[in-house]
Every structure is written in structure tokens, then in C-alpha cells.
Amino acid sequence: MLVLVAPGQGAQTPGFLTDWLQLPGAADRVAAWSDTIGLDLAHYGTEADADAIRDTAVAQPLLVAAGLLSAAALGAELTPGAVAGHSVGEITAAAFAGVLDDTAALTLVRKRGLAMAEAAAVTETGMSALLGGDPEVSVAHLERLGLTPANVNGAGQIVAAGTMAQLAALAEDKPEGVRKVVPLKVAGAFHTHHMAPAVDTLAEAAKKLSPADPRLTYVSNKDGQAVVSGAEVLDRLVGQVANPVRWDLCMETFKELGVTALIEVCPGGTLTGLAKRALPGVKTLALKSPADLDAARELIAEHGA
């Protein structure tokens, strides 16, 4: 069984769309999406520097566009048994599952990015990854510092979120057993109470959408549960911006489903890295460039539904 997953913010790097736009029809498709949401995705995916694509309002639609473009390049061969996404990647996954069409997904993520950027501007906040350590010890330590365990990723990784002062205190006072604290390339404390204003904005945007029920098993990062109602998927996408991501529970569900292979869409790498540590025996592949498509097709032929 194959699961198709989409990464969250921080996975983007300068120029990562360049090779994908050389595929037949890709440039026209991205140009149409750009016109729809009022953002030059091709420019940001090929020419913009790291600071420009770190902007939440830019990074989020850019990641969803990249995920949709790379998955489409696999064509009819792509037959996952389940889909899931990390943070903003859940919108990509919702499109994979047929809950939203591509245009609706990009329209929603554009509004999500703008709303979260506005919320992040209120207070200087950020996120840092904790590598290693015991999760229970780390979570208790974070709470003492006033930080939120915003992403519980499994495989020995938790992402803390809060004010820059709180993150600085964490860098000086790591939880017992944690090897390293790594600041992330994001512009706010996502999946915390700092994002509460964005929830209301996203809820209004969601009212204009007509979600379909998932045609594939859709695993939610709220609690790792499979969601069968399109309306509930949309509700979870709205609430998700101010609530923690439980990717560890998603991977537990992958185990229960009997997943044997995992493909991470562009810009892949983060989730395959977690899967290699937490899902031994599961074959993984990250779609980093079109050069990975043939290997992905082979994996799909072996493990596709």
C-alpha cells in the first residue's frame, strides 16, 4: 500500500520549481494558478531568494502549487491508498483526495498564508526543532518555558513555537536528552494561540467552498484519524492553523493501514526523513526534481493500490 504525503512550510528552497517548470504544460498551469491567486508562483519558485520565499504569504501557496505540479507529473500511474499532509501540506492532500479542486486549494491556501502572516506580524514569534530526547520530558520542559509543542513529528522530533525571547531561552536551556535545537525557516509561531486571528479569516473563506467527500483515505494531522467527510476535512483545515500537528499519530495510522511505501511530493525530504526513522521497512521516495519521477513510477507499480 502506498501513501502520498505533502510537506509543510520550511521545506522550500530557492529555485526549487525551476526544473519542474520545464515539463510539458507545467509553465502554463502555474501561470493560470498565479493569475487566479494574484501571486507570481513561477518567479518565487525560480528566481526569488530565501528571504522572499520565507514570507508566509508566499511560501504556503508555493508549496501547495509544487505538490500539485509534482503529483500531476506522475500521471495516471499515481494510485495511492492514502494521503496526508504536514501543516499546510494538508491542503495539498485535500486536493489529492478530491475534497478540493486545484483552484479551490490554491485560493484557500493563498488566504491562509495572508491571514497567518498578518497574525504573525502582531508579535515576533518563530519555531525551533528539538532533535532527540524523550517526548514527555521535552513537552513538559517546553511548557515550563511558555512554549507550545506545535509539531509532534515522531522519530525523536518535536517543534517548539512561541516568542523569540522564549525560543532564545530554549536554546540556552535544552530539555534533557535533546541533542540540538534548530531554528526553522518560518515567520511565526504556527499551530499555536498566536494564530487565533487567522482561524476566523479562514473560516469565512471556507464558507465559500463546496468540499467533496474524500475519494481516498485521508489521514488528518490533527489526531492521525482517517476522515471520511469533506465538510469535516475543511473544518479541520480551518482549525489546524492554531492547533498542534500530530504527525507522529499520522505515521502510527500508516502502520495500522499496512503502508509499505511512501512518496513525498515536491519539495520532498522532510517527511521521508521522519518515515525512515519511524517506519522501518517502508520504502520511501522524495520527489525533489523530475529526475525522481521514474523511480517514483517504479515504486507506484510495486505498491500502488
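Preceding this section is the structure that the text describes.
Residues numbered from 1 in each chain as written. Predicted model: local features only at pLDDT ≥ 70, side-chain atom pairs only at ≥ 80, totals over all residues. Heavy atoms only, no water.

Participant: How would you summarise the overall build of the protein chain if you had to cite specific residues and measurements?
Facilitator: Looking only at helices and strands, one finds 13 helices and ten strands in the protein chain. Here the C-alpha atoms of the protein chain give a radius of gyration of 18 Å, agreeing with the 19 Å that 2.2 N^0.38 yields for 305 residues. Across its three principal axes, the protein chain shows a C-alpha extent of roughly 50 × 45 × 35 Å. Residue burial in the protein chain is summarised as follows: out of 305 residues, 55% are buried. Of the contacts made within the protein chain by residues no fewer than 6 positions apart, 75% connect residues no fewer than 24 positions apart. When the accessible surface of the protein chain is split by element, carbon and sulfur atoms take 51% of a total near 12300 Å². A gap of 3 Å separates the mean positions of the 22 positive and 34 negative side-chain charges of the protein chain. (Helix = DSSP H or I, 4+ residues; strand = E, 2+ residues; numbered from the N terminus. Rg over C-alpha atoms; globule rule 2.2 N^0.38 Å. Buried < 20%, exposed > 50% of the residue type's maximum accessible area, 1.4 Å probe, protein only. Contact = heavy atoms within 4.5 Å. Areas by Shrake-Rupley, 256 points an atom, 1.4 Å probe, with all protein chains shown as cover. Lys, Arg positive; Asp, Glu negative; His and termini not counted. Charge placed at Lys NZ, Arg CZ, Asp CG, Glu CD.)

Participant: Which residues make up unusual backbone geometry, and what values go with them?
Facilitator: Following Cys266, the chain continues to Pro267 via a peptide bond in cis, the omega torsion being -5°. At Ser87, a residue that is not glycine, the phi angle is positive and equals roughly 55°. Turning to its location among the elements, Ser87 is positioned in the loop between strand S2 (82-85) and helix H5 (89-96). Phi at His191 takes a positive value of approximately 65°, unusual for a residue other than glycine. Looking at the secondary structure, you find His191 in the loop between strand S6 (178-183) and helix H9 (196-206).

Participant: Run through the pairing of S2, naming residues and quoting values.
Facilitator: Burial along S2 is two-sided: Ala82 and Ala84 and Val83 and Gly85, pointing in opposite directions, are all buried. As judged from the four bridges shared by strand S1 (residues 2-6) and S2, these two strands associate in the parallel manner. Residue pairing across strands places Val3 opposite Ala82, the latter belonging to S2. (Pairing = 2+ DSSP bridges.)

Participant: Just give me the short version of the sheet that holds strand S7 (residues 217-219), but keep the residues and values in it.
Facilitator: What the six strands build is an open sheet, ordered S8-S7-S2-S1-S9-S10; its pairing is mixed. A single partner strand is all that each edge strand has here, and the edge strands are strand S8 (226-227) and strand S10 (283-286). Where S2 meets S7, three bridges bridge the pair, whose relative direction is parallel. Note on S7: the bridge partner recorded for Ala82 is Thr217. Packed on one face of the sheet, helix H11 (residues 247-257) meets S1, S2, S7 and strand S9 (261-264) and runs near 150° to S7. (Axes fitted to C-alpha atoms, helices over the stretch in contact; angles between N-to-C directions.)

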